[in-house]
Amino acid sequence: KNGIVVVYSHHTTCSVITQECAFDMSMTGLETLQQDLVDVFENIVPTCRKEGMYLHPASGVPFTSSPKIFIIGRNVTIVMIDGKLDLGDFGFIHFIDFDQTRARERTVQVMVIGE
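Description of the structure in this document.

As paired elements, strand β1 (residues 3-9) and strand β3 (residues 75-81) share six bridges and run antiparallel to each other. What sits directly across from Val 6, in β3, is Thr 77. Both β1 and strand β6 (residues 108-114) contribute to a ladder of seven bridges, which runs antiparallel. Across the sheet, residue Tyr 8 finds its bridge partner in β6, namely Gln 109.

Here it is, written out as structure tokens:
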């Protein structure tokens, strides 16, 4: 009923975040807040477009963006009150897969701790 919920990704190229829903769409088809995140990361950690762009082996594979995980992380912790996640009026949990090399099945682990 009351406690915390941890949402965790086992994948080193994926992140879990909480973010409000913007409801407005960019011209690329993403919500505007999502597009802002994509644009900021493209400036900070550009998408790997050629071999050797990053030193870490998983990051050096073209189109893999593992360095972004170092900044965002792979989990979130959310407070639960009266059996409901306290995400605010427009908050959502988002799973981000930065691996652009191939589609594959992904999983997250959810742990609830409390009363």
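A few words on a nonpolar patch on the surface. Residues Ile 4, Val 79, Ile 81, Met 111 and Ile 113 make up a contiguous nonpolar surface patch of roughly 400 Å² in combined accessible area. Taken together, the elements giving at least two residues each to the nonpolar patch come down to β3 and β6.

Here we take up the environment of Gln 34. Among the structural elements, Gln 34 can be located in helix α1 (residues 32-44). On a C-alpha basis, the gap between Gln 34 and Cys 21 in space is 8.9 Å, while along the polypeptide they are 13 residues apart. Those residues within four positions of Gln 34 in sequence are excluded, and the remaining contacts are Gln 19 and His 94.

So, how was this worked out
Residues numbered from 1 in each chain as written. Predicted model: local features only at pLDDT ≥ 70, side-chain atom pairs only at ≥ 80, totals over all residues. Heavy atoms only, no water. Pairing = 2+ DSSP bridges. Helix = DSSP H or I, 4+ residues; strand = E, 2+ residues; numbered from the N terminus. Patch = residues over 30% accessible without salt bridge, like charges linked within 9 Å, V, L, I, M, F, W, Y side chains within 5 Å. Areas by Shrake-Rupley, 256 points an atom, 1.4 Å probe, with all protein chains shown as cover. Salt bridge = Lys/Arg side-chain N within 4 Å of Asp/Glu carboxyl O. Contact = heavy atoms within 4.5 Å.

Taken by themselves, the reported measurements are silent on function.
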